[in-house]
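# Descriptive structure summary
As a plain string of letters, each chain reads:
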Amino acid sequence: MNKALVMIIAFLFSFSAFALGALDDGLTPAQRYSAGLMFSGAHDSQELLYCSPAARAANIPKAIDNEVVLHVFPNGGSIVVKDQLVQINKIINSTLSTLSSDSAVKNRSVCTGFYFEESSHVGNALSMGEGYLIFDYRLFQFLYALPDEKRSSWVYEFLVLHEFAHQLQYWNNDIEVSKTLNRLQNSRTPELAADCTAGALLRLNNLNLSPILYAVSFRGVQGAAEALGDYKKTADDHHGTPAERLAAATYGSQLIQQMRVSILMGLTQPTSSDILKSCNAYVTSH
Ligand SMILES: [Zn+2]
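Residues numbered from 1 in each chain as written. Predicted model: local features only at pLDDT ≥ 70, side-chain atom pairs only at ≥ 80, totals over all residues. Heavy atoms only, no water.

## A look at the coordination of the zinc ion
Which entries qualify depends on this criterion: Distances up to 2.8 Å from the metal define which N, O and S atoms are donors, and 3.2 Å serves for Na, K and Ca; water is absent from the atom set, so sites may look incomplete. Comment: elements are numbered from the N terminus, with helices defined as DSSP H or I runs of at least four residues and strands as E runs of at least two. Any residue under 20% of the maximum accessible area for its type is buried, any over 50% is exposed, and the rest in between are partly exposed; the area is computed with a 1.4 Å probe on protein chains only.
Distances from the zinc ion to its protein donors, namely His162 (NE2), His166 (NE2) and Glu191 (OE), fall within the range 2.0 to 2.1 Å. Written as a sequence motif, the donor residues of the zinc ion are H-x3-H-x24-E. Here His162 pairs with His166, and both are found in helix H6 (residues 154–171), just four residues apart, close to one helical turn. Like His166, His162 is buried.

## Section: the confidence of the model for the protein chain
Test applied: pLDDT measures how confident the predictor is about each residue, on a scale from 0 to 100. Residues are treated as being in contact if the distance between any of their heavy atoms lies within 4.5 Å.
On average, the protein chain scores 87 in pLDDT, and the residues at 70 or more come to 91%. In this model, residues 11–18 is a region of pLDDT below 50 whose contacts with residues beyond four sequence positions or in other chains number zero contacts.

## Here's the deal with the sheet that holds strand E6 (residues 132–136)
Keep this limit in mind: A pair of strands is treated as paired once DSSP finds two or more bridges between them. Every axis in this analysis is a line fitted to C-alpha atoms, fitted for helices over the stretch in contact. Angles between the N-to-C directions lie between 0 and 180 degrees.
Read across the sheet, four strands follow the order E1-E4-E6-E5 without closing on themselves; strand pairing throughout is mixed. Bordering the open sheet on either side are strand E1 (41–44) and strand E5 (125–127), each of which pairs with just one other strand. Between one strand axis and the next, the sheet turns through 20° on average, direction left out of account. In terms of strand pairing, E5 meets E6 through three bridges, oriented antiparallel. Along E6, the bridge assignment pairs Ala125 with Phe135. Of the strands in this sheet, E1, strand E4 (109–115) and E6 touch helix H4 (residues 81–98), which is tilted by about 150° from E4.

## Some words on the packing of H4 against H6
What counts is decided by this rule: Relative orientations are named as follows: roughly parallel for angles under 35 degrees, roughly antiparallel for angles over 145 degrees, roughly perpendicular for angles from 65 to 115 degrees, and oblique for any other angle. Rotating anticlockwise by less than a right angle from the far helix to the near helix defines a left-handed crossing, while the corresponding clockwise rotation defines a right-handed one. Residue polarity follows a fixed list, in which Ala, Val, Leu, Ile, Met, Phe, Trp, Tyr, Cys and Pro are nonpolar, Asp, Glu, Lys and Arg are charged, and the others, Gly among them, are polar.
Interhelical geometry of H4 versus H6 gives an angle of 50° and a closest axis separation of 10 Å. The angle between the axes of H4 and H6 places the two elements in the oblique class. Handedness of the crossing formed by H4 with H6: right-handed. Together, Ile88, Ile91, Ile92, Thr95 and Leu96 of H4 and Tyr156, Glu157, Val160, Leu161, Phe164 and Trp171 of H6 make up the contact between the two elements. Of the residues in the contact of H4 with H6, the class split is nine nonpolar, one polar and one charged.

## Here we look at the environment of Ala215
Locating Ala215 in the fold gives a position in helix H9 (residues 211–228). Residues Ala215 and Ala248, 33 residues apart in the sequence, show an inter-C-alpha distance of 16 Å.

## Remarks on unusual backbone geometry
Here Lys62, not a glycine, exhibits a phi torsion of approximately 50°, which is positive. Note that Lys62 resides in the loop between helix H3 (53–59) and strand E2 (69–72). Residue Lys62 is classed as partly exposed on the basis of its relative accessible area, which comes to 49%. Of note in this structure, Asn107 is not a glycine but carries a positive phi near 60°.

## Some thoughts on the state of the cysteines
Selection rule: When the sulfur atoms of two cysteines come within 2.5 Å, that pair is taken as a disulfide.
In this structure the tally under the stated criterion is two disulfides. One disulfide bridge connects Cys51 with Cys111, the sulfur atoms lying 2.1 Å from each other. Given an S-S torsion of about -100°, the disulfide between Cys51 and Cys111 has left-handed geometry. Residue Cys51 is located in the loop between E1 and H3, and its partner Cys111 is located in strand E4; the two are separated by 60 residues in the primary sequence. The residue that forms a disulfide with Cys196 is Cys279, at a sulfur-sulfur distance of 2.1 Å. Looking along the S-S bond of the Cys196-Cys279 disulfide, the torsion reads about -75°, which is the left-handed sense. Linking Cys196 in helix H8 (residues 188–205) with Cys279 in helix H11 (residues 272–284), this pair joins segments that are 83 residues apart in sequence. There is no split in this pair, since Cys196 and Cys279 are both buried. Taking only the cysteines that form disulfides and numbering them from first to last, the protein chain has the pattern 1-2, 3-4.

This is the structure:
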């Protein structure tokens, strides 16, 4: 190869590495917020402009590439990780815009991705205080395999909003999360409160949906709650039984339903702090 050409290629390569390095502040979404940087919204963790590659590498264990196939549909079509992340980010971004007047969510951002968790057999999902929402790809495969009568698109909405509810807990310095982190209780209360919050956010995001369509879509929540509940009541990571998870999500949904008319008339706008408070009160008394 021509020597000048080699030098140009070498220059371009080092320049792009330099540009990427200069662009990469190495900060997690939570660190960016603390530093007063104006990032907001949910982004694919592989989007270099919004999610630091260095912070991603340090915080997402066993990240899964964007082109991995999550599910093949009977008609031959398929969905890859990247497509699913678009859907996940859409759900979070529409929730952030629903809560736009809420001071706890202002200038907040999250980075989303898929990963593989060795210690789990069916997959897991994590919502990290650093600002990452990550999903074991097998968990999505498991949900795609649920029978039709247990599944609506809200199976995924519920899962994503449950994980996003944990971010709202972090952003509001939630007392029940602190108790769990300080080992004063297991994870049941903050987990069921996240289910309740997810139910509330689902209703808040779909205020115009007629009661009949809402009831049909809500079947997906039932499917997810049943599939994701557990009976390990004394375990540190107990999430609530299937019946408790569904009851908590239903309570959250009804909480917003009761205010529906006044929200639509612009007379009231519940904040994430209001929702978490009501959900914590419900879960701790049940
Ligand atoms: Zn959870």
